[in-house]
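Notes for the structure review
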Number of protein chains: 2
Amino acid sequence: MAVYTDVSDEELGAFIEGYDVGRLLSFKGIAEGVENSNFLVHTDAASFILTLYEKRVNPNDLPYFLNLLQHLADKGLSCPQPVAASGGALLGELAGRPAALVTFLEGMWVKRPKTVHCGELGKAMARLHLAGQDYAGFRKNALDVHGWRPLFDQCSARSNEVHEGLADEIAAELSHLEASWPSDLPSGVIHADLFPDNVFFLGQELSGLIDFYFACNDAFAYDIAICLNAWCFEVDGAFNVTKAKALLKGYASVRPLTADESKALPILSRGAALRFLLTRLYDWLSVPEGAMVTPKDPLEYLKKLRFHQTVKNSEAYGLVA
Amino acid sequence: MAVYTDVSDEELGAFIEGYDVGRLLSFKGIAEGVENSNFLVHTDAASFILTLYEKRVNPNDLPYFLNLLQHLADKGLSCPQPVAASGGALLGELAGRPAALVTFLEGMWVKRPKTVHCGELGKAMARLHLAGQDYAGFRKNALDVHGWRPLFDQCSARSNEVHEGLADEIAAELSHLEASWPSDLPSGVIHADLFPDNVFFLGQELSGLIDFYFACNDAFAYDIAICLNAWCFEVDGAFNVTKAKALLKGYASVRPLTADESKALPILSRGAALRFLLTRLYDWLSVPEGAMVTPKDPLEYLKKLRFHQTVKNSEAYGLVA
């Protein structure tokens, strides 16, 4: 939650003049996103989000993300739509950083999602998967099954500082997943980070999806598995099968799962849990002493992983055969 | 620049229901203000700023500030206007903190003010002083000449860490100011913190004044002296008399200075420079090791103080006798 780069009125004014978006009225740095600097911009025509991409984002990936948003918006998906500068470019430069202007999406993320929200999420995710099918861009998932071991190698030595026996537990799970990870599942563009804070609602109605900066090409069902982890556990760690059922039912009402996808849900869910366990563990061990940022608790995902390890088949997720 | 308190969609929804401001569409924590948490709220009717008052603000002062904003807005001054809840209260509670909703002011603060901006500032400040004259509230200036020594006592021992000889220099100035500080100047409500980031412009037109959380009752000319310090020095430390002249001319076009006020400008300017030197010094010495906040440089105000010490009379500020 931060604005890393200061932008002056003069710099922003000059930048906005390159766009046909009306007269600039105000801009506020917003406390959102941990990777980039974001500003809410008002003009006399509309509201926009201006993003300055900071060093953690690979600038070579930006065309993939921005063209994807354009593609999805053209298909009618509710997501931030990049605004082209008068010269046609979606990507500009401001304060020495790559910068893009996108339309502002009204809506709020839901801190405590209810079953109805999970159902709407399922539908929207399926629409995203369908809308992305003919997207020409390709981006490998850097955090897929092949990316986990290199990440683990960087933190395995200190894992037990976080939890006694954690290193062994992760090593065993990693070997299992590497040996049995499914291939050839239906694939395409996935969001890959569809946590509640990236999904906006107005009341019970889903108003849009945001933050596509982990989007990549991977198995659709892996995106579902991420959401089962992110949306269907209660604060006390208990899995809520009613929410999972609503999520899967919502999804299938737009895009039915294949038999292979249904069968793969338990292992994909284990993989998704391990992926967030590993990145959180890495962040946890990387935070400098005395920093003001509180990293997210890796052990939340250890508990989720252990749940998925007990799952025998997809019926445990409420999937009706 | 921070949001200190998280607010959930549910909490905010329940809070906004107490106001007749239309349907809640979105809210974003904004990176503005160092004392409080601020959110930009969109409803289908308008935009608002929601402020949660954190512990550095004395809750007993809040009615003074909020009633003042209401009073000034009623008089036609462009400033955030508090929105009363349906029950009539300007002050509410959210997430365990005192909270207020005010109208959103379009405009941007000017990082490098030009002479024209200084002239507009002068006019707006004079309008503020006139509009506040019949305000019933009273708040002592906690940082007036009597407040400086207690502040200095808390940091004098370590002053020389910041600059060799600083403690002696401040002590001498403080004694001089305490002995010769003018009384009986025309007084009323002053803003007391009218730095460029609290003054919004749309192009060259001043669109409003914000952040009245230092407002108090004190000499009008002291407010001018603060602005001479805050607006009329260049980045290299040089005093820009053209800007000062425009500021004073703009002010006098709305509210002419009395002879006593004109005469007092040099000592008031020294006092204003010392006030910000002391608070910055205090903050500089109070920041914990390793904190991510960079405090503002106290020595900027030492240089300004030394300039004012060389001033013989108000003509040095471009005041035409």
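Residues numbered from 1 in each chain as written. Chains lettered and ligands numbered in written order. Predicted model: local features only at pLDDT ≥ 70, side-chain atom pairs only at ≥ 80, totals over all residues. Heavy atoms only, no water.

1. Regarding the sheet that holds strand E6 (residues 108-109) of chain B
Residues and elements named next belong to chain B. We count it as follows: At least two bridges found by DSSP between two strands are what make those strands a pair. Every helix listed is a DSSP run of H or I at least four residues long, and every strand listed is a run of E at least two residues long, numbered separately from the N terminus. Throughout, a residue-residue contact means that at least one pair of heavy atoms, one from each residue, lies within 4.5 Å. Only the stretch in contact is used when a helix axis is fitted, and all axes are lines through C-alpha atoms; the angle between N-to-C directions ranges over 0 to 180 degrees.
Across the sheet, 3 strands lie side by side as E6-E8-E9; this open sheet has antiparallel pairing. Of all strands in the sheet, those with a lone pairing partner are E6 and strand E9 (205-209), marking the two edges. Where E6 meets strand E8 (residues 199-202), 2 bridges bridge the pair, whose relative direction is antiparallel. Looking at the pairing, methionine 108 lines up with phenylalanine 201 of E8. Across the sheet, helix H3 (residues 115-131) is in contact with E8 and E9; its angle to E9 comes to roughly 40°.

2. Considerations on helix H4 (residues 145-155) of chain B
Think of an α-helix as turning once every 3.6 residues; residues three or four places apart then point the same way. Residue and element names in this part refer to chain B. The cut-off we apply is this: To sort residues, take the accessible area from a 1.4 Å probe on protein chains only and compare it with the maximum for the residue type: under 20% means buried, over 50% means exposed, and anything in between is partly exposed. Our arc is simply the arc of the directions from the helix axis toward the C-beta atoms.
If you check which residues of H4 are buried, you get Val145, Gly147, Trp148, Leu151, Phe152 and Cys155. In a view along the axis of H4, the buried residues occupy a sector of 135°, so they form one face of it. Exposed and facing more than 90 degrees away from the buried side of H4 are His146, Asp153 and Gln154. Buried positions along H4 lie against helix H5 (159-162), helix H6 (166-180), helix H7 (220-231) and helix H9 (259-286).

3. Notes on the sheet that holds strand E8 (residues 199-202) of chain A
All names here are of chain A. Read across the sheet, 3 strands follow the order E6-E8-E9 without closing on themselves; strand pairing throughout is antiparallel. Every interior strand has two partners, whereas the edge strands, strand E6 (108-109) and strand E9 (205-209), have only one. Helix H3 (residues 115-131) rests against E8 and E9 of the sheet, and its axis sits at about 40° to E9.

4. Notes on the packing of aromatic side chains
In this description, an aromatic ring pair is defined by two values, namely the gap between the centres and the angle between the planes. Residues and elements named next belong to chain A. Convention followed: The pairing test for Phe, Tyr and Trp rings, Trp by its six-membered ring, is centres within 6.5 Å, and the orientation test on the planes gives stacked under 30 degrees, edge-to-face over 60, and tilted for anything in between.
Going through the model one piece at a time under the given rule, you end up with 28 aromatic pairs over all chains. Between the aromatic rings of phenylalanine 27 and phenylalanine 39, the centroid separation amounts to 6.0 Å while the plane-to-plane angle is 55°, which identifies the pairing as tilted. Here phenylalanine 39 lies in strand E2 (residues 37-43) and phenylalanine 27 lies in strand E1 (residues 24-30), a separation of 12 residues in the sequence. In this structure, phenylalanine 27 and phenylalanine 39 share a single accessibility class: buried. These aromatic residues form a ring-pair network of at least three members: Tyr53, Tyr64, Phe65, Tyr135 and Tyr213.

5. Overview of the domain arrangement of chain A
Residue and element names in this part refer to chain A. To keep things clear, this is the line we draw: Domain start and stop points were drawn from an automatic or database domain assignment. By buried area we mean the combined loss of accessible area, with a 1.4 Å probe, across both parts when two parts are placed together.
The domain architecture assigned to chain A consists of domain 1 (9-104) and domain 2 (109-317). Averaged C-alpha coordinates put domain 1 and domain 2 at centres separated by 27 Å. Domain 1 puts 17 residues into the contact, and the matching count from domain 2 is 22 residues. Carbon and sulfur atoms make up 66% of the area that domain 1 and domain 2 hide from each other, which totals about 1,700 Å².

6. Observations concerning the relation of the copies chain A and chain B
Between the two chain copies there is a screw-like relation: a rotation about an axis and a shift along it. Formally: Overlaid copies result from least-squares superposition on C-alpha atoms, with residues included only where pLDDT is at least 70 in both.
In screw terms, the move from chain A to chain B is a rotation of 180° and a rise of 0.0 Å along the axis, fitting with an RMSD of 0.0 Å. On this basis, the relationship between the two copies can be described by a two-fold rotation axis. Among all C-alpha atoms of chain A, that of isoleucine 30 of chain A lies closest to the rotation axis, at 2.1 Å. Both copies present the same face, since 100% of the interface residues in chain A are matched by interface residues at the equivalent positions in chain B.

7. Points about the interface of chain A and chain B
For the record, the criterion: For this analysis, a salt bridge means a side-chain nitrogen from Lys or Arg found within 4 Å of a carboxyl oxygen belonging to Asp or Glu. Pairs of N or O atoms are called polar contacts if they sit within 3.5 Å, as long as, within protein, a hydrogen donor faces a hydrogen acceptor (for residues adjacent in sequence, only side-chain-to-side-chain pairs).
Each partner contributes to the interface: chain A provides 33 residues, whereas chain B provides 33 residues. A combined buried area of about 2,900 Å² lies between chain A and chain B, and 57% of that area is made up of carbon and sulfur atoms. The largest share of the area that chain A buries against chain B comes from Asp9, Lys28 and Met108 of chain A, three residues that together contribute 21% of it. Along the contact surface separating chain A from chain B lie 4 salt bridges. A salt bridge links glutamate 10 of chain A to lysine 114 of chain B, with the nearest nitrogen and oxygen atoms 3.3 Å apart. The tally of links from chain A across to chain B stands at 15 residue pairs in polar contact (both at pLDDT 80 or more). Secondary structure elements with two or more residues in the side of chain A that touches chain B: helix H1 (9-16), E1, E2, E6 and E8 of chain A.

8. Observations concerning the packing of H7 of chain B against H9 of chain B
Residues and elements named next belong to chain B. Basically, it comes down to this: Each angle is binned into one of four classes, with values under 35 degrees roughly parallel, values over 145 roughly antiparallel, values of 65 to 115 roughly perpendicular, and all other values oblique. Should the near helix be turned anticlockwise from the far one by less than a right angle, the crossing is left-handed, and should it be turned clockwise, the crossing is right-handed. Charged means Asp, Glu, Lys or Arg here, nonpolar means Ala, Val, Leu, Ile, Met, Phe, Trp, Tyr, Cys or Pro, and polar covers whatever is left, Gly included.
H9 packs onto H7 with a crossing angle of 60° between their chain directions and a minimal axis gap of 8 Å. By the angle class used here, H7 and H9 are oblique. With respect to the hand of their crossing, H7 and H9 are arranged in right-handed fashion. Together, Phe220, Ala221, Tyr222, Ile224, Ala225, Ile226, Leu228 and Asn229 of H7 and Glu261, Leu265, Leu268, Ser269, Gly271, Ala272, Ala273, Arg275 and Phe276 of H9 make up the contact between the two elements. Its residues assigned to classes, the contact of H7 with H9 shows 12 nonpolar, 3 polar and 2 charged.

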